[in-house]
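Overview (structure and organization)
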Amino acid sequence: MQELILLPKPLDQLTDPEIKRKACIGKIMTYTLKSLTNTYVTKGFEWLLPVALSQSTDPLWPDPGASIEKRIEVNIYDKLVRTTASMIVHKLVGCSTVYEKLFILSPNIRIEKAERAKTGKHIYEFTQLDFEIRNANSKDIFRLVEDTLCTLIKGLKVECKAELAALHRSDLKIPKAPFKVLDRTDLEAKHGIEWEARICREITEPVWIVNIPREFYDYEDFATGRWDNYDLFMPQYGEVLSGSRREFEYEKIYEKMEREQVRKENYSIILKMAKEGRLKPTAGAGMGMERIVGYITGVEHIGECQPFPRVPGNVHEL
Ligand code: AMP
Ligand code: MG
């Protein structure tokens, strides 16, 4: 099945009909960015500008979905910096100090293994709409994401009617909120490790999947072993967003970093702020822009939603 996927082409190689199709996807991306950022700004979020190089970035570990071929590290001013894997660390520090509610259109560089070229869901540079809220819980995040998504799709059906029709997506449904919540442990018990593929096929509305063991910053209840985190899955499609309520207590963060062999020296600000009680309880998430527009437009490969496709293993001049 995967072998049949055609890889997205660079702009200069598109035929006339392909240029028209690309223009439709571009209009839908523009409307999506407009609608989502408008919702966050209207709700009082601060819009932060992104960073591309930092000493500290997301460890992306342990995460059952991660598959990174290499990490990019470079020396500037005699300091080692890394390209942004996600802005989670910046979000935690920003949200604990100045910005009670924040969002960023953040660049994510993840050199995915070349064998992921034809999954249709992986690119090696992508943009997350990443947000964080002080003193929020999972329910607050669910309601916010549901609201932003329903507003977006409702608007798209009016403002991008012609583009959706050209892409054969006039049947795109405005989801019904609140979305169902499913626990990963129940899915595993029912379907085994293949639960992800099964759930994509079975659902007809977006669903929240909760309780997924992963990085140190996601909240884990040590007494029960339950994780207070979540992914949003779209029907036939799969994960478009991941997030959690966050850890903020020093002892827990330290213990998790030890357990997962995460290099503590890369997270000294988090550890210091947590120790001094300055890391605040927050919750948030990041939605992949190419994935959500990929779902909306029904493309085979999300690289089609990028003007300059970043397909794993495929490097072009632009
Ligand atoms: P993560 O925290 O790793 O789950 O990433 C957050 C979101 O970014 C995911 O839910 C996806 O929407 C998106 N994402 C993650 N990895 C990729 C990738 N390689 N290509 C495109 N989007 C991605
Ligand atoms: Mg994820």
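Residues numbered from 1 in each chain as written. Chains lettered and ligands numbered in written order. Predicted model: local features only at pLDDT ≥ 70, side-chain atom pairs only at ≥ 80, totals over all residues. Heavy atoms only, no water.

**Considering the confidence of the model for the protein chain**
In this model, the protein chain carries an average pLDDT of 97, and 99% of its residues clear a pLDDT of 70 or more. Highest mean pLDDT in the protein chain belongs to strand S15 (residues 282–288) (99); lowest belongs to strand S3 (residues 68–70) (93). (pLDDT = per-residue confidence, 0-100. Helix = DSSP H or I, 4+ residues; strand = E, 2+ residues; numbered from the N terminus.)

**Side note on empty space enclosed by the protein**
Per the counting criterion, the structure on display carries 1 cavity of 30 Å³ or more. What the largest cavity holds in volume is close to 40 Å³. Counting residues per element, the ones that place at least two in the lining of the largest cavity are helix H1 (16–42) and strand S8 (125–134). Here the lining of the largest cavity is built from residues that sort into 6 nonpolar, 1 polar and no charged. (1 Å grid on protein atoms, 1.4 Å probe; cavity = no way out; pocket = protein on both sides within 12 Å on 5 of 7 lines; lining within 4 Å. Points joined across faces, edges and corners; volume = space filled by probe spheres on them. Nonpolar A, V, L, I, M, F, W, Y, C, P; charged D, E, K, R; others polar.)

**A look at the sheet that holds strand S13 (residues 229–234)**
Pairing is mixed in the open sheet, where 8 strands are placed in the order S1-S6-S8-S15-S14-S13-S10-S9. Two strands in the sheet have a free side with no partner beyond their single neighbour: strand S1 (46–48) and strand S9 (180–183). Averaged over all neighbouring strand pairs, the angle between strand axes comes to 25°, with direction disregarded. As paired strands, strand S6 (residues 101–109) and S8 are joined by 9 bridges and run antiparallel to one another. Opposite Phe103, over in S8, you have Phe131 as the bridge partner. Contacts from helix H2 (residues 88–97) reach S6, S8 and S15, with the element oriented near 25° to S8. Where helix H9 (residues 289–297) meets the sheet, it contacts S6, S8, S13, strand S14 (238–245) and S15, and its direction lies at approximately 55° from that of S15. (Pairing = 2+ DSSP bridges. Axes fitted to C-alpha atoms, helices over the stretch in contact; angles between N-to-C directions. Contact = heavy atoms within 4.5 Å.)

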